[in-house]
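In case you want the letters, here they are:
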2 protein chains.
Amino acid sequence: MKTPIKKFRKYIDDNNLQVTRQRIDIAGVFLESRRHLSVDELYELLRNRGISAGRATVFRTLKLLNKSGVADEVDQGDKVTRYEVKTEDTHHDHLVCTVCDSYIEVYSSQIEEMQEKLCAEHGFKPSSHRLDIFGICLKCSKKKGNKKCI
Amino acid sequence: MKTPIKKFRKYIDDNNLQVTRQRIDIAGVFLESRRHLSVDELYELLRNRGISAGRATVFRTLKLLNKSGVADEVDQGDKVTRYEVKTEDTHHDHLVCTVCDSYIEVYSSQIEEMQEKLCAEHGFKPSSHRLDIFGICLKCSKKKGNKKCI
DNA sequence: TTTTCATTTGAATATGAATTTCAATTTCAT
DNA sequence: ATGAAATTGAAATTCATATTCAAATGAAAA
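About the cut-offs
Residues numbered from 1 in each chain as written. Chains lettered and ligands numbered in written order. Predicted model: local features only at pLDDT ≥ 70, side-chain atom pairs only at ≥ 80, totals over all residues. Heavy atoms only, no water. Pairing = 2+ DSSP bridges. Helix = DSSP H or I, 4+ residues; strand = E, 2+ residues; numbered from the N terminus. Contact = heavy atoms within 4.5 Å. Axes fitted to C-alpha atoms, helices over the stretch in contact; angles between N-to-C directions. Near = heavy atom within 4 Å. Polar contact = N/O pair within 3.5 Å; in protein donor to acceptor, adjacent residues only side chain to side chain. Nonpolar A, V, L, I, M, F, W, Y, C, P; charged D, E, K, R; others polar. Buried < 20%, exposed > 50% of the residue type's maximum accessible area, 1.4 Å probe, protein only. Arc of directions from axis to C-beta.

(A) Molecular detail of the sheet that holds strand β1 (residues 37-38) of chain B. All names here are of chain B. With respect to topology, three strands assemble into an open sheet ordered β1-β3-β2, the strand pairing being antiparallel. Since the sheet does not close on itself, it has two edges, and those belong to β1 and β2 (71-75), each with one partner. Running over the sheet, helix α4 (residues 55-67) touches β1, β2 and β3 (81-85) and is turned about 110 degrees from β2.

(B) Up close: the protein's contact with DNA strand D. Lining the immediate environment of DNA strand D, one finds 18 residues, of which Gln18, Thr20, Arg23, Thr57 and Arg60 of chain A sit closest. Expressed as a percentage, the sugar and phosphate content of the atoms of DNA strand D within 4 Å of the protein is 71%. At 2.8 Å, a side-chain N or O of Thr57 of chain A approaches a phosphate oxygen of DNA strand D. At 3.4 Å from a base oxygen of DNA strand D is found a side-chain nitrogen or oxygen belonging to Arg60 of chain B. Breaking the surface near DNA strand D down by element, the ones donating at least two residues are α2 (21-32) and α4 (55-67) of chain A together with α4 of chain B. With four residues, α4 of chain B is the largest single contributor of residues to the surface near DNA strand D. Looking at the surface near DNA strand D residue by residue, the classes come out as six nonpolar, seven polar and five charged.

(C) Main features of helix α3 (residues 39-48) of chain A. All names here are of chain A. Taken as a whole, α3 has its buried residues at Val39, Leu42, Tyr43, Leu45 and Leu46. Burial along α3 is one-sided: seen end-on, the buried residues are contained in an arc of 160 degrees. Projecting away from the buried face of α3 at angles above 90 degrees are the exposed residues Arg47 and Asn48. On its buried face, α3 is in contact with α2, β1 (37-38), α4 and β3 (81-85). Following α3 by one or two positions, Gly50 adopts a phi angle in the positive range, close to 75 degrees.

As structure tokens, then:
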């Protein structure tokens, strides 16, 4: 099992790209963070840690991480593309809270199987899918106000 | 059971809006079409039929149709918001072909049930969801070239 | 019908995220 | 160290979405 950072370095090698300070810094902070991050969010996170990197570089590095198979794109339906660290284990779906924007990652092999069956019935060859359930998380449904759930 | 156009008119009435030529024309063409339409696509469709309406009006009318409960937003993951006529029957998921951009609407009550269960396990109150499976449709997988499937 | 007042329209403009440009800088191999 | 090639990042561009505002239209009153 290869670590994300090794995967990233391998991709860089294989494609005759260079290992630069920015790429290492950006990948490092991204991989540590266990959140869904947009370009701007990651850019700010880097700034807060005193790491200098331009937005364009953050943007390009996230694309690179995605192509390396280290990062997955996630679309929370708000027109902003975010990325998450691709887990070694299976694909997962999301329960997205519309009050606090937090999310829970879930996985159901039964649902996956159903999907396979559904595709087969239509002669459709699936390559990826996305299941997002929007609603209200436990914390928020217990609260009165509209404060963020952290 | 109310027809979509009546629903739309009721919404207009209830909100002290006006029934205008443009709104009727735009809603008419949208409801006839059985496709997913973006603002620009619907705008072009209208032009082709010799119906004059500005992009801004098409944009606003689609929002209005959405609020009326006549149109649903669909996100094909390509950063363009499209709308589809909301069906009377249950919600459906999509098998989206990444070669020709066509899609098949599918529905599986079993998958829906699984989703409910999954949410319940996490104390999550679902309000909506989105399941899109991306892959290659039957027609495209039979073809050599990359021509559109229509 | 004519006046009055609010709503609607649509061309133009603004917004904002995604993406690209390009000159300056950095990296790597020699 | 040198030079070719890749990278960086500020600024510009693109493109869909959203808003502005003056002119047009609609509805209600006179």
